Amino acid sequence: PIQVDETGELLGNPGVISCHDLESGGMSWSTKPEDGINVQSWDVVKLQGKWLAILGLTCGKIIVMDVISGRNLHEYEPGSPISQVKSLKIDDRIVISACQESEKKSLILGIST
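The sections below set out a description of the structure shown in this document.

About the thresholds
- Residues numbered from 1 in each chain as written.
- Predicted model: local features only at pLDDT ≥ 70, side-chain atom pairs only at ≥ 80, totals over all residues.
- Heavy atoms only, no water.
- Pairing = 2+ DSSP bridges.
- Helix = DSSP H or I, 4+ residues; strand = E, 2+ residues; numbered from the N terminus.
- Axes fitted to C-alpha atoms, helices over the stretch in contact; angles between N-to-C directions.
- Polar contact = N/O pair within 3.5 Å; in protein donor to acceptor, adjacent residues only side chain to side chain.
- Contact = heavy atoms within 4.5 Å.

**Some points on the sheet that holds strand S6 (residues 72-76)**
Then, in step 1: Judged by pairing direction, the sheet is antiparallel, and its four strands sit side by side in the order S3-S4-S5-S6 without closing on themselves. Looking at strand neighbours, the two that pair on one side only are strand S3 (39-47) and S6, the edges of this open sheet. Each strand of the sheet is rotated relative to its neighbour by a mean of 20 degrees, with strand direction disregarded.
Then, in step 2: Strand direction decides the pairing type here: strand S5 (residues 62-66) and S6, joined by four bridges, are antiparallel. Its bridge partner lying in S6, Met65 is registered against Asn72.

Spelled out as structure tokens, the structure:
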């Protein structure tokens, strides 16, 4: 938990992510709440030899991130909080599906090029 309130209740997860080297245990990189990355849903896929994280954020963004470096490769901002993301690899492309918390458009589909 990020914090405990005055009643002793644990407050919510800040949605931060980090990458650790499994051999050494050392942290390679991490995000911070002030980065604006509050992850609500995520998926990981390997495409053309690269591990990619597909992140659905509470601020209404979908980010494709390089897992090894932590660098954002692509951002899409439909505007409503993203409650679920999934990816599917087809040949050398990925299909990203996402559900957003919106009454008008709740399903987003994207294909990498």
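**As for the side chain of Ser41**
Then, in step 1: Tracing the backbone shows Ser41 in strand S3.
Then, in step 2: Here the side chain of Ser41 touches Val85 through a polar contact of 3.0 Å, landing on its backbone nitrogen.
Then, in step 3: Non-local contacts of Ser41, meaning those with residues more than four positions away in its chain, are made with Ile54, Leu55, Gly56, Ser83, Gln84 and Val85.

Bear in mind that shape data such as this cannot, by itself, settle questions of function.
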